[in-house]
Each structure stands twice: as structure tokens, then as C-alpha cells.
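Survey of secondary and tertiary structure
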Amino acid sequence: MNFGQLKMYIEGELVSSVNNVTKEIYSPLNDERIATLSWANSLDSERALKSAEQGFDTWSKTPVKKRKEWMLILRDKILEKEEILRKSISYEMGKPYNATAEDVESITNSLKYYSDIIEDYQKDKEIIDPDGTHSHHLVSKPIGVVVAYLAWNFPLLNAGFKLGPALASGCSIILKPSELSPVSLYIIGEILHEINFPRGVVNILCGEPSEVATTLSKSTLPKLITMIGSTETAKRVISDSSTSIKKYSMELGGNAPFIVFDDADIELASNIGAAIKFGNCGQICVAANRFFIHEKIFDEFMNKMISKAKQLKIGFNKQLDYEIGPMITNKSKERVLELVKKTIKDGGKLQYGGKSPENLSTGNWIQPTVISGVTDKMNIFHEEIFGPVASLISFKTEDDVIKSANNTKYGLASYLFTKNKERINRFINELDFGEVQINGIKYDIYLPHGGIKESGVGHDCSELALDDYLIKKRITITKQ
């Protein structure tokens with residue numbers, strides 16, 4: 001499938017790059033070309049910054065009611081274009097068609113959610129003066145121009161997490177999708193153009209990070225830089241952006257522990273474990289990385305995971321009907337395969353998978369993989385795998401597993417399966433992660449999503465996200 005020639009969206013117009021540079025985009029499904037994109041450089045980035053500056057001047061003064069109307073117009077038009085958006089996601093990053101519904105639901109739900117809550121959230125708040133001599137109010141104002149760097153694994157979900165709170169709060173925004181999956185967001189640019197969205201409020205461009213991202217980050221115009229991506233990329237962004245004092249909201253890498261005790265519902269835990277590990281080919285920041293399984297149920301749990309891995313339908317067809325897609329690039333595939341080889345060399349035991357399917361000669365396919373005998377002396381224990389590899393680790397005591405689970409520089413998601421209430425209370429307090437999910441998993445736009453340690457600052461989703469896009473002003477008036 002080919003989505004044709006797609007242009008950047010700047011100043012309310014669909015534009016080519018200043019130097020008329022284009023980029024061919026290829027699908028990780030079959031290595032075929034799927035689109036030709038206008039490819040930005042530093043001059044295009046500067047054009048987007050000026051556009052966003054002008055857009056903020058008008059959008060920040062636009063009444064909340066009118067902003068909400070525009071957000072819902074955009075939501076409705078995205079829903080009209082749902083099929084082409086979902087197909088673009090499937091082809092640009094390899095996701096099964098059924099799984100792409102989450103992307104469209106997330107961006108549309110975000111626009112609706114933040115349009116619903118912004119008015120009450122942004123209301124002035126009174127601070128009581130105990131002496132009765134002054135009146136005090138806390139006023140919320142949009143922070144300014146926002147630059148958002150998006151990860152490739154959920155192109156529209158990631159965009160929605162940034163677009164909703166930015167538009168609701170009155171900020172203008174520059175969206176830079178990953179160069180690995182920019183097609184669906186360029187189509188969003190076409191939708192914005194089609195509905196005549198206010199000029200300069202949203203800008204969309206993509207190009208090589210060394211030119212585009214560096215120019216955006218080093219500019220003194222942005223007041224907030226927000227991103228979803230790796231910890232290493234975040235450090236480069238922060239370093240580049242030190243030209244001025246900026247605010248940051250960053251959801252970064254993860255190394256989630258998935259802890260299952262012997263009193264847990266093993267069938268439930270294995271079902272959820274397989275879904276969160278093998279879904280999106282393991283390319284999820286909150287994917288379970290390290291499976292800590294109590295020694296009494298270790299073999300039973302492992303056998304269930306192997307069985308589920310074997311049952312997954314892997315492969316490409318024109319109906320996009322499969323259950324596990326490819327890795328985003330051949331480099332990513334080779335990195336994961338090398339990590340598996342090293343783990344086996346260091347003493348891990350390959351239970352299933354660990355190679356590319358023999359019947360798939362094109363694309364970046366890799367089998368869902370299960371490895372036992374993993375220890376904290378192995379690289380796989382400490383790295384974010386970002387691939388369909390389940391590392392199984394046996395444990396005996398609560399103390400042992402808490403220490404091992406926390407033995408990581410990351411602190412995004414964690415998962416616990418047990419029926420013991422005292423144990424649950426202990427792990428809630430002692431697991432050093434921004435999210436602790438117990439006996440199940442739920443993510444939604446109204447639930448805070450954020451990490452600690454090297455996994456980021458700020459929050460996506462929920463009311464807390466608005467705090468990143470708003471500044472607080474204290475207004476004090478002396479009573480006469």
C-alpha cells in the first residue's frame with residue numbers, strides 16, 4: 001500500500017521543505033515503500049517555531065469554549081478518517097490492524113477528555129488569608145510554545161497524549177514524529193488543513209534529529225519540551241535545550257518487573273504477561289521485561305508462557321491479520337537477537353524462539369521468545385529489551401524479589417500478582433516505580449502515567465498532565 005506524497009503542516013498550510021527534500025518511507029512488514037514525505041531541515045524548524053509563536057499569541061487568547069469546539073471538530077474528523085489512519089500505522093511500524101484501534105481511540109479520547117475538564121481545572125483558586133488583610137488567588141495560564149518529540153511505537157497515541165493537554169490549556173505545539181513512523185501524523189496534518197484549524201497552533205514536521213530536533217531544542221522560543229522516547233535521547237534534548245530555562249515533561253525508558261507469587265491466579269498472570277510482553281512485538285515502554293516467578297510455580301508459569309508464545313500468529317498478509325508484528329528496523333531485530341545470544345552464552349536457557357521465522361524472508365520479524373535462568377549478572381536483566389523476549393527469574397522470598405525488582409536505573413511500570421493483602425501493602429510502599437499495578441493492568445486517558453528515576457519527569461494523561469502545560473501566578477490584593 002502507498003500513501004502517496006505527504007507534506008509538512010506549518011502555519012496552517014501543507015508545505016514542502018525549504019530545500020524541496022523528500023524522504024522515502026519503507027514498511028518493516030515487507031521492506032516496501034509506502035510514502036514519500038517532505039523532509040524538514042533546520043530552516044523548516046525555524047519556520048515552525050515562528051509559526052508556533054504566532055499561533056500561541058492567538059490561541060492563548062481564544063476563549064476556552066471556542067478552543068473546546070475546535071478540539072471536538074478535530075476529533076470528529078479523525079474518526080471519519082479512522083480507516084486510513086489505522087492502515088498507515090500498520091504499514092509504517094508493523095502493528096497488526098486490530099491493534100491500531102488503540103492509537104485512534106487514544107488521540108480522540110484525549111481531545112474529548114481535556115476539552116471536558118479544562119474549564120474547571122483552569123479556574124482561579126482562592127487561597128485563604130488567615131489574617132484577613134489580603135485576598136489571594138492562584139491563576140493558571142498557558143506556558144507558551146510547546147515542542148513535542150514522539151516515539152514511533154504508538155504514533156497517534158503518543159501524539160494524543162501531547163495534543164490534548166496542549167490545545168486545552170491554550171498552548172501552541174510543534175509535533176515532531178519519529179523518523180521511523182511519521183506517516184500517520186502527516187495525515188493528521190492533512191486533516192488539520194482540511195478543517196481549517198487556526199493557523200500556527202499545531203505544526204507537524206519530521207526530519208533528521210541532528211537538524212530538526214537540535215534546532216527546535218536549542219531555540220529559546222519553546223517554554224516546554226515534552227517527549228516520549230529513550231532516556232539517552234532525553235539527555236541529549238536537555239543538553240541541547242540549555243540555551244534557556246525550559247520546563248520538561250518526559251516519559252522515558254522502562255525495565256518493568258512482573259512479579260508472580262505462588263498464591264496468584266497463574267492463568268490470569270500468564271495471559272496478561274504474554275499480552276504485555278509480546279504485544280506490539282515487545283516494543284512498549286511499559287512492557288514486562290523481567291518476570292520474577294515464585295519457585296513453587298516457576299515451571300507451571302513458564303510452560304504457560306511457552307504455550308502462548310507458540311500460539312501467536314506471526315507473519316504478513318494484505319489483510320493485516322496477524323497477532324505479532326515485526327521489529328521496527330532490521331537494526332532493532334539484530335540487537336534483540338544478539339541480546340538473546342549473549343544471554344544464552346552467559347548461562348540463560350532458551351525455552352522457545354530466539355530467531356527469525358524461516359518462512360519470512362523480508363521484513364524485521366522475530367519469534368516471541370522465552371528464556372529462563374536469567375540473573376542480575378546478565379545484560380538482559382538491566383537493559384530495556386524493547387522486543388518480544390520474556391526473561392524468567394525464579395525467586396524464594398519477598399525480600400529477595402523486592403531487592404531484585406528495584407535493581408534498575410529505571411522506574412516506570414511494575415506489576416504484581418498475589419492475593420495476600422499484607423504483601424500487597426508492602427509492595428505498594430517498597431516497589432520503586434511510578435506505577436504499581438496489581439492483579440491486572442489498566443491504562444486510560446484519565447489515569448496518570450509517569451515514571452521516576454531515569455524513566456522521566458512529569459506525567460502524560462489525567463489532570464496531572466495539564467500541570468506541565470500551565471504556569472501558576474499568585475495574585476495578592478491588599479484589602480482597603
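The following paragraphs examine the structure supplied in this document. (Residues numbered from 1 in each chain as written. Predicted model: local features only at pLDDT ≥ 70, side-chain atom pairs only at ≥ 80, totals over all residues. Heavy atoms only, no water.)

Some thoughts on helix α5 (residues 155–169)
Here α5 is 15 residues long and its end C-alpha atoms lie 22 Å apart, about the 21 Å a rise of 1.5 Å per residue gives. The buried count for α5 comes to 15 of 15 residues, which makes it a mostly enclosed element. Downstream of α5 by a residue or two, G170 has a phi angle that is positive, lying close to 100 degrees. (Helix = DSSP H or I, 4+ residues; strand = E, 2+ residues; numbered from the N terminus. Expected span 1.5 Å × (residues − 1). Buried < 20%, exposed > 50% of the residue type's maximum accessible area, 1.4 Å probe, protein only.)

Quick look at the nonpolar core
Core analysis: the largest hydrophobic core is formed by 151 residues, its most contacted members being L74, L167, I188, F197, V202, F258 and I259. Excluding residues that lie within four positions of it along the chain, F197 makes contacts with Y9, W59, W70, L74, L167, L192 and V202. (Core = buried A, V, L, I, M, F, W, Y, C linked by side-chain atoms within 4.5 Å. Contact = heavy atoms within 4.5 Å.)

Examining the packing of helix α2 (residues 64–80) against helix α6 (residues 183–194)
Two numbers describe how α2 lies on α6: the axes approach to 10 Å, and their chain directions differ by 125 degrees. In terms of axis orientation, α2 runs oblique to α6. Crossing angle aside, the handedness with which α2 passes α6 is right-handed. Residue-level contacts link L74, K77 and I78 of α2 to I188, I191, L192 and E194 of α6. (Axes fitted to C-alpha atoms, helices over the stretch in contact; angles between N-to-C directions. Parallel < 35°, antiparallel > 145°, perpendicular 65-115°, else oblique. Left-handed = near helix turned anticlockwise from the far one by under 90°.)

Some details on the pattern of salt bridges
One pass over the full model with this rule turns up 34 salt bridges. A salt bridge links D263 to R423, with the nearest nitrogen and oxygen atoms 3.4 Å apart. Of this pair, D263 sits in the loop between β13 (256–260) and α9 (266–278) while R423 sits in helix α14 (residues 421–430), placing them 160 residues apart in sequence. Assessed through its relative accessible area of 26%, D263 is described here as partly exposed. R423 gets classed as buried once you look at its relative accessible area, which sits at 13%. Salt bridges sharing partners connect three or more residues here, namely D263, E398, D399, R423, R426 and E430. (Salt bridge = Lys/Arg side-chain N within 4 Å of Asp/Glu carboxyl O.)

Overview of the sheet that holds strand β5 (residues 33–38)
Read from one edge of the open sheet, three strands run β1-β5-β4, paired in mixed fashion. Edge positions in the sheet fall to β1 (5–6) and β4 (22–26), since each has one partner strand and no second. Helix-sheet contacts for α6 involve β1, β4 and β5, and the interaxial angle to β5 is about 55 degrees. (Pairing = 2+ DSSP bridges.)

A look at the environment of R47
With respect to the helices and strands, the residue R47 is situated in helix α1 (residues 42–59). Counting along the chain gives 37 residues from R47 to I10, while the straight-line C-alpha distance between them is 7.6 Å. Filtering out sequence-adjacent residues up to four positions away, R47 remains in contact with M8, I10, E11, V15, S16, S17 and V18.

Quick notes on the layout of surface pockets
Approximately 1,200 Å³ is the volume found for the largest pocket. Around the largest pocket, the lining is made up of 41 residues, and of these W152, G229, S230, T233 and R236 lie nearest the centre. Where the lining of the largest pocket is concerned, the elements lending two or more residues are α7 (212–218), β11 (224–228), α8 (231–240) and α11 (330–345). Tallied by class, the residues present in the lining of the largest pocket amount to 16 nonpolar, 14 polar and eleven charged. Counted as a void, the second largest pocket has a volume near 740 Å³. Lining the second largest pocket are 32 residues, with E102, F154, L157, V286 and Y443 positioned closest to its centre. Elements with a contribution of two residues or more to the lining of the second largest pocket: α4 (101–121), α5 and α9. If you tally residues by element for the lining of the second largest pocket, the top one is α4, at four residues. Across the lining of the second largest pocket, the residue classes tally to 18 nonpolar, seven polar and seven charged. (1 Å grid on protein atoms, 1.4 Å probe; cavity = no way out; pocket = protein on both sides within 12 Å on 5 of 7 lines; lining within 4 Å. Points joined across faces, edges and corners; volume = space filled by probe spheres on them. Nonpolar A, V, L, I, M, F, W, Y, C, P; charged D, E, K, R; others polar.)

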